[in-house]
Amino acid sequence: GQNIDQPTEMTATEGAIVQINCTYQTSGFNGLFWYQQHAGEAPTFLSYNVLDGLEEKGRFSSFLSRSKGYSYLLLKELQMKDSASYLCAVRDSNDYKLSFGAGTTVTVRA
Amino acid sequence: GAGVSQSPSNKVTEKGKDVELRCDPISGHTALYWYRQSLGQGLEFLIYFQGNSAPDKSGLPSDRFSAERTGGSVSTLTIQRTQQEDSAVYLCASSKQGSGGNEQFFGPGTRLTVL
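Fair warning: this is a prediction, and the values are worked out from it, not measured in the lab.

The rules we used
- The residue numbers shown here count from 1 along each chain, following its written sequence.
- Chains and ligands are labelled by the order in which they are written, letters from A for the one and numbers from 1 for the other.
- Where local features are concerned, this predicted model is filtered to residues with pLDDT of at least 70; where side-chain atom pairs are given and counted, the filter is 80 or more; whole-chain, interface and lining totals use all residues.
- Excluded from the side-chain calculation are hydrogens and water; included are all heavy atoms of the structure.
- Under the scheme used here, helices are H or I runs from DSSP no shorter than 4 residues and strands are E runs no shorter than 2 residues, and both carry numbers assigned from the N terminus.
- For this measure, only C-alpha atoms enter the radius of gyration; the expected value for a globule follows 2.2 Å times N^0.38, where N is the number of residues.
- Exposure classes here rest on a 1.4 Å probe applied to the protein chains alone. A residue is buried below 20% of its type maximum, exposed above 50%, and partly exposed in between.
- In what follows, residue pairs with any heavy atoms lying within 4.5 Å of each other are defined as contacts.
- Method for areas: the Shrake-Rupley scheme with a 1.4 Å probe, in which residue coverage is limited to the protein chains shown.
- In this charge count, Lys and Arg are treated as positive and Asp and Glu as negative; neither His nor the chain ends contribute.
- Note on charges: their place is set at NZ of Lys, CZ of Arg, CG of Asp or CD of Glu.
- We call a pair of cysteine sulfur atoms a disulfide when they lie within 2.5 Å.
- The criterion for an aromatic pair is that two Phe, Tyr or Trp rings (for Trp, the six-membered ring) have centres within 6.5 Å, with stacked assigned to planes under 30 degrees apart, edge-to-face to planes over 60 apart and tilted to the rest.

Student: Run through the overall build of chain A, naming residues and quoting values.
Tutor: Assigned secondary structure in chain A consists of zero helices and eleven strands. Taken from the N to the C terminus, the helices and strands of chain A come in the order β-β-β-β-β-β-β-β-β-β-β. Relative to a compact globule of 110 residues, whose C-alpha radius of gyration would be 13 Å, chain A shows 13 Å and is just as compact. C-alpha atoms of chain A, sized along the principal axes, occupy 40 × 30 × 20 Å. A buried classification covers 48% of the 110 residues belonging to chain A. A separation threshold of at least 6 residues defines the contact pool for chain A, and within that pool the share at least 24 residues apart is 55%. Surface exposure of chain A reaches about 5200 Å², of which carbon and sulfur atoms provide 46%. Seen as two clouds, the 9 positive and the 11 negative side-chain charges of chain A have centres 2 Å apart.

Student: Any details on the state of the cysteines? Residues and values, ideally.
Tutor: Residue and element names in this part refer to chain A. In the structure shown here, the tally under the stated rule is two disulfides over all chains. Residue Cys22 pairs covalently with Cys88 via a disulfide, S to S 2.0 Å. Since a negative S-S torsion denotes a left-handed disulfide, the Cys22-Cys88 link at about -70 degrees is left-handed. Within this pair, whereas Cys22 is found in strand E3 (residues 18–26), its partner Cys88 is found in strand E9 (residues 84–91), the two being separated by 66 residues in sequence.

Student: A description of the packing of aromatic side chains should follow, citing residues and the corresponding values.
Tutor: A complete count under the given rule lists 16 aromatic pairs over all chains for this structure. Ring geometry for Tyr33 of chain B against Tyr35 of chain B: centres 6.3 Å apart, planes inclined by 20 degrees, an arrangement best described as stacked. Here a set of aromatic residues connected by ring pairs shows up, and it is made of Phe33, Tyr35, Phe45, Tyr48 and Phe100 of chain A together with Tyr33, Tyr35, Phe45, Tyr48 and Phe106 of chain B.

Below is the structure:
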């Protein structure tokens, strides 16, 4: 089975940095994804990590430590449009099925 | 179209009725997934189709749920004798294939409300 934990809510100020942590306990592991989901909209892909380390993509970065079962998504230079839910998802060793965490709602304040 | 489309966008039905939800994946994507998202919950995997292989139905919550994918493209999720606990947003996603870092592209979802 899969157990994926992430904080429920986070609040930050425009221009600041926020780090969303995700811990997982899974029967198998074959990659970790981060998705962004604005209210009432479909999730959109942000990042993919399968090896340990940091993947940087513009203002967003994602980190993975497989030995610790831990990932984080780092959002820099926060903008109001970054207010959304951020979903951590783990692909199991079956190589296709994703298990999602409940999501972290980030609110960016002026 | 350019993205995954789903219909209807909203469906309100009475308990006990059957409903059909439709998904049109991105053209050329061989992998198709159905998920359910309940309020305050993470996405729950329901079923996975990959090409002509037998689907992975391990996530379907009961035998009232079924899905098919015709011609390797359009998929229909059917819920028979709906119950109030079936109320949720049903999301469809597709990807080039099921493996590796291929991202899943999600449709806008169908919000199902069972009265």
